[in-house]
Amino acid sequence: HREREINDLASVLVPALRGETPSNVFIYGKTGTGKTAVAKFVGKELLKKGEETKKNVNFIYINCEVVDTQYRILQNIANHFIDEWNEHVPFTGWPTDEVYSKVKSMMDKEKCVTVIVLDEIDKLKGDEALYSLSRINSDLENARVSVIGISNDLKFTEFLDPRVKSSLGEENMIFYPYDAEQLQDILRDRVETALKPDIIEGDVIPLCAALSAQEHGDARRALDLLRVSAELAERSKSSKITRNFVKKAQNKISIKNECIV
Ligand SMILES: Nc1ncnc2c1ncn2[C@@H]1O[C@H](COP(=O)(O)OP(=O)(O)OP(=O)(O)O)[C@@H](O)[C@H]1O
Ligand SMILES: [Mg+2]
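Residues numbered from 1 in each chain as written. Chains lettered and ligands numbered in written order. Predicted model: local features only at pLDDT ≥ 70, side-chain atom pairs only at ≥ 80, totals over all residues. Heavy atoms only, no water.

A. Up close: the site of ligand 1. Ligand 1 sits among 17 residues. The nearest are Thr31, Gly32, Lys35, Thr36 and Tyr178. Between Gly32 and ligand 1, the recorded distance is 2.9 Å, taken from a backbone N or O atom to an oxygen atom. Within the contact set of ligand 1, an oxygen atom lies 3.2 Å away from a backbone nitrogen or oxygen of Thr33. Considered on its own, ligand 1 offers 630 Å² of accessible surface; in the complex 78% of this is hidden by protein. Because more than half of its atoms lie within 2 Å of the grid, ligand 1 is assigned to the largest pocket. Secondary-structure elements contributing two or more residues to the shell around ligand 1 are helix 2 (35-52), helix 7 (180-194) and helix 9 (219-235). Among the residues forming the shell around ligand 1, the class breakdown is 5 nonpolar, 7 polar and 5 charged. Two domains each provide a minimum of three residues to the shell around ligand 1, namely domain 1 (3-175) and domain 2 (180-254). (Near = heavy atom within 4 Å. Polar contact = N/O pair within 3.5 Å; in protein donor to acceptor, adjacent residues only side chain to side chain. Areas by Shrake-Rupley, 256 points an atom, 1.4 Å probe, with all protein chains shown as cover. 1 Å grid on protein atoms, 1.4 Å probe; cavity = no way out; pocket = protein on both sides within 12 Å on 5 of 7 lines; lining within 4 Å. Sits in = over half its atoms within 2 Å of the grid points. Helix = DSSP H or I, 4+ residues; strand = E, 2+ residues; numbered from the N terminus. Nonpolar A, V, L, I, M, F, W, Y, C, P; charged D, E, K, R; others polar. Domains from an automatic or database assignment.)

B. Representation of the pattern of salt bridges. As enumerated under the stated definition, the model contains 12 salt bridges in all. In this structure, Lys125 engages Asp68 in a salt bridge whose closest nitrogen and oxygen atoms are separated by 2.5 Å. Taken as a pair, Lys125 in the loop between strand 3 (113-119) and helix 5 (128-139) and Asp68 in the loop between strand 2 (57-63) and helix 3 (70-80) lie far apart in primary sequence, 57 residues in all. Classification of Asp68 by relative accessible area gives buried; the value is 15%. (Salt bridge = Lys/Arg side-chain N within 4 Å of Asp/Glu carboxyl O. Buried < 20%, exposed > 50% of the residue type's maximum accessible area, 1.4 Å probe, protein only.)

C. Broad picture of the sheet that holds strand 1 (residues 25-29). In space, the 5 strands of this open sheet follow the order 2-3-4-1-5, with parallel pairing throughout. Of all the strands in the sheet, the pair left with one neighbour each is strand 2 and strand 5 (171-175). The mean inter-strand angle of the sheet, taken between neighbouring strand axes irrespective of direction, is 15°. Looking at chain direction, strand 1 and strand 5 are connected through 5 bridges and run parallel. In the strand pairing of strand 5, Phe26 is matched with Asn172. (Pairing = 2+ DSSP bridges. Axes fitted to C-alpha atoms, helices over the stretch in contact; angles between N-to-C directions.)

D. The arrangement of the packing of aromatic side chains in detail. All chains considered together, the criterion is met by 1 aromatic pair. With a centroid separation of 6.2 Å and an interplanar angle of 25°, the aromatic rings of Phe26 and Phe156 are classed as stacked. In this pair, Phe26 sits in strand 1 while Phe156 sits in the loop between strand 4 (144-151) and helix 6 (162-168), placing the two residues 130 residues apart along the sequence. Here Phe26 falls in the buried class, since its relative accessible area comes to 5%. The buried category is assigned to Phe156, whose relative accessible area is 12%. Positioned above the aromatic ring of Tyr178 is the side chain of Arg2, whose terminal nitrogen or guanidinium carbon lies 4.0 Å from the ring centre. The ring of Tyr100 has Arg135 lying over it, and the distance from NZ or CZ to the ring centre is 4.5 Å. (Phe/Tyr/Trp six-rings, centres within 6.5 Å; stacked < 30°, edge-to-face > 60°. Lys NZ or Arg CZ within 6 Å of the ring centre and 35° of its normal.)

Here's what the structure looks like:
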């Protein structure tokens, strides 16, 4: 159900296969709308096409919830190009400028186009990382970089340095919530690979989909509901997953979420 988004993102990135610089993209959408899944899928396709056509394209996926400073972002990118473990840039200790220079020289040496995904970009501490990446193309001689930023916080870009903001937002994509019908398809798809379809009562998938459609069309919530329902059914040694288990799963998940908040 994200064919249009997949195609849109792929068409932004396709210049990479001609050695040109793809536009930077900012992707916004609520949680569970498939942003991460689409970005990773398109990245894989890009690498595959790159190999087929013998073009030097790189794809680097970084989750900014985990890697959240300018130093760590640059360190991650640099190490992507360094095969020898003992030559890796260390977690801390180098001047940030030196890590930046390392990234630049590795890329120039490889003469490549690199697409960098910064997922959960709103979790970055400060915008220095984005600032370095927005100016790196003017420092590179033989290589090109493009950045895909992903967030579920629409306000995130408001507070950025104007230069960073306009650079990151060259293209914008919005992932709209899934409706109940799309969620049903996603669930059926997953059931086919993960469960025996005949242990699920007919009204279970529509119920999971409807409940999650109310939760701003969150596919992760829909899949969790089904998974937890299956676990609860198994635990009570029931041969069928019924709507009762879905209701219990719903309670369990909302209690858990309240505890986290
Ligand atoms: N169209 C789809 N088809 C099948 N599975 C999907 C689809 N969209 C999302 N999913 C699944 O739903 C879950 C959530 O998707 P994903 O992680 O991509 O959401 P997200 O938009 O990145 O959310 P967040 O903002 O919380 O990071 C994943 O398990 C993903 O595989
Ligand atoms: Mg995500």
